[in-house]
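Notes for the structure review
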Amino acid sequence: NDERIYQCSESIDRLPSKIKSLLLLAGEVGDELNQKVYIVGGFVRDLLLKTDNWDLDFVTEGDGIELARQLNHKIGGKLTIHEKFGTAVIKLPQFISIDIVTARREYYEYPAALPKVERSNIWSDLFRRDFTINCMAIALNQDNFGEMIDYFGGMKDLQDKQIRVLYNLSFIEDPTRIFRAIRFAARFNFTIEKSTCQYIEQAISANMLEKLSNDRIREEIIHIIREQDVLDKSLQMLNSFKIFKSLDPSLTINSMVIRKVKNVRFSLEGFRQLSSKPFNQTIVMLMQLISEVDTDKISEVLKKLIANETLVNSITQSMVKRRSVYEILSQEEVDRYTIYTALKPHSDEALIFFYNDSENPYVRHYIAFYKLKLSSIHIKITGKDLQEMGIKPGPIYKMIMDSVLKAKVLGTIYDRNGELEFAKQKYHRIKGGN
Ligand code: CTP
């Protein structure tokens, strides 16, 4: 092994004092237990990139759970222990999270399986990981605090701005790393090193993506689309490896889709001005991502991306209806009730999707108008009121209620008394035959 050791005390000195003391404390507790302790992975990478990252991953050559218990005794966070995996998590205020694991070796019983693990040392623990830039560690014990351990050339790859795997079967063993390679390359504006690219291509040709469960694919896609600033880069990379096609042959992502997915964030910002209700931006992005899929395939593709079946059905409905919604709303003059009935069946997420996807100024205007002025309109009278008027229950109730709602949306009535009066008149008109 080409073991390189650097000192990175200077980088550690630049950390907020709270984080630095956590690192020192972890080393002290390690010393008390006579265990080696390291901080590893994304934290180390981001420390060198001078990017904030308060997800601390500690690896210990020894008992991870005991280390977690002793450490938490001193810092008083919220400790969760996973006995079965020999891992523990400590949550602290201000979104600081500490993961503690026993150094382990991983092996895969078959490709794309979840790995089997056994206790090991720091070298094996780093070797089981994905990319060189994520495989660096910093020692925390007092005698070598701040010593950087870089067995696999992570520092050089950070300087060269490259994503590189440690061994050729990395993507075969864990195909989710294909998505991760793209996510990191896009996030840091790095390139995927040449052999690593070839390994990705080989894993895709060997249909390794098909071996992943929908849940795991979903998680990775969602991680990718959440990194909105670099979405065009990551989507283009996913496309150039033909990953969407491998996930589902009907999933076409062209440059228009990429542009629109990227625009979703601006549409969302606009919507936040109109409504204080929270909405799920991931759903909006997924809708836009699959917007070029043929209507009859939408539900099938969505099932791979969204676990909740009710949600899949409601999104499918909205997506299937979107063209007719655009047609109705793309006129200069549309009355309030037509706008209301066209948009009422759809969720906020669907409305934002329509807004973003249609790109038509009239459609956009009417959606904003609906959200601001019409969406909260509802009638106050109920069947009980009609009963009290002496109207016999039957289909006539719906006719009356519908016309009250229409009058309310059109603005001809506005309060409960108006509704009661209008209902009465409508009843008499129906009875009178007009
Ligand atoms: N890891 C891996 N293979 C995976 C997932 C994770 O080898 N499929 C390793 C990587 O070494 C990574 C560490 O586990 O550094 C922690 O994973 P995660 O928290 O997902 O990664 P981070 O690098 O911290 O990424 P992010 O900045 O997105 O949180």
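Residues numbered from 1 in each chain as written. Predicted model: local features only at pLDDT ≥ 70, side-chain atom pairs only at ≥ 80, totals over all residues. Heavy atoms only, no water.

1. Points about the domain arrangement of the chain
The condition is simple: Segment limits for the domains were obtained from an automatic or database-derived domain assignment. Here, residues are in contact when the closest pair of their heavy atoms is within 4.5 Å. The buried area of a pairing is the accessible area, by a 1.4 Å probe, that goes missing from both parts when the two are put together, added over both. Whenever two N or O atoms come within 3.5 Å, that pair is a polar contact, provided that in protein one can donate a hydrogen and the other can accept it, and provided that, for residues adjacent in sequence, both atoms are side-chain atoms. Helical segments are the DSSP runs of H or I of at least four residues, strand segments are the runs of E of at least two, and each set is numbered from the N terminus. Just so you know the grouping, Ala, Val, Leu, Ile, Met, Phe, Trp, Tyr, Cys and Pro go in nonpolar, Asp, Glu, Lys and Arg go in charged, and all remaining residues, Gly too, go in polar.
Domain boundaries in the chain define domain 1 (4-157), domain 2 (161-247), domain 3 (278-374) and domain 4 (383-432). Computed from C-alpha coordinates alone, the two centres of domain 2 and domain 3 are separated by 30 Å. Counting from both sides, the interface comprises 11 residues of domain 2 and, opposite them, 10 residues of domain 3. Where domain 2 abuts domain 3, roughly 910 Å² becomes buried across the two surfaces, and 62% of that area is made up of carbon and sulfur atoms. Contact with domain 3 buries area across many residues of domain 2, yet R218, I225 and Q228 alone supply 47% of it, more than any other trio. Counting every contact that joins domain 2 to domain 3 gives 5 residue pairs in polar contact (both at pLDDT 80 or more). If you list the elements that add at least two residues to the side of domain 2 that touches domain 3, you get α10 (214-226), α11 (231-240) and α12 (243-247). Here the side of domain 2 that touches domain 3 gets 6 residues from one element, more than from any other, and that element is α10. Within the side of domain 2 that touches domain 3, the residues separate by chemical class into 7 nonpolar, 2 polar and 2 charged.

2. Description of the nonpolar core
Under the convention used in this document: Side-chain atoms within 4.5 Å link the members of a nonpolar core, which is a set of buried Ala, Val, Leu, Ile, Met, Phe, Trp, Tyr and Cys residues. For each residue, the accessible area found with a 1.4 Å probe, counting protein chains only, is set against the maximum for its type, and the residue is called buried under 20%, exposed over 50%, and partly exposed in between.
If you look at the biggest cluster of nonpolar residues, it comprises 113 residues, and the most contacted ones within it are L23, F58, F179, I243 and L329. Broken down by element, the residue count for this core peaks at 8 residues, all from helix α8 (residues 176-188). With near-sequence residues (within four places) excluded, F179 lies in contact with L209, L212, I217, E220, I221, I224, L238, I243 and L247. Judged by nonpolar contacts, the second largest core, of 15 residues, contains V101, L126, I149 and F152.

3. Here we look at the environment of E118
Looking at where E118 falls in the secondary structure, it is placed in strand β8 (residues 116-119). Residue E118 is classed as partly exposed on the basis of its relative accessible area, which comes to 34%. The residues contacting E118, other than those within four sequence positions of it, are A103, R104, R105 and Y107.

4. Quick look at the packing of aromatic side chains
The way to describe two aromatic rings as a pair is by their centre distance and the angle between their planes. Convention followed: Only rings of Phe, Tyr and Trp enter the pairing, Trp through its six-membered ring, and a pair is recorded when the two centres are within 6.5 Å. The plane angle decides the type: under 30 degrees is stacked, over 60 is edge-to-face, the rest tilted. By definition here, charges over rings are those cases where NZ of Lys or CZ of Arg is within 6 Å of the ring centre and within 35 degrees of the ring normal.
Inspection of every chain in the model, using the stated rule, returns 15 aromatic pairs. Seen from the ring of F184, R183 lies directly overhead, with NZ or CZ sitting 5.2 Å from the centre. A cation sits over an aromatic face here: R265 above F266, 5.8 Å from the ring centre.

5. So, the site of the ligand
Formally: For this purpose, a residue is taken to be near a molecule or strand whenever a single non-hydrogen atom of the residue falls within 4 Å of it.
Residues in contact with the ligand amount to 13 residues; listed here are only the nearest, R45, D130, D174, R180 and R187. At a separation of 2.6 Å, an oxygen atom of the ligand approaches a polar side-chain atom of R187. Among the secondary structure elements, those contributing two or more residues to the shell around the ligand are α3 (42-48) and α8. Looking at the shell around the ligand, the element that brings in the most residues is α8, giving 6 residues. The residue makeup of the shell around the ligand includes at least three contributed by each of domain 1 (4-157) and domain 2 (161-247).

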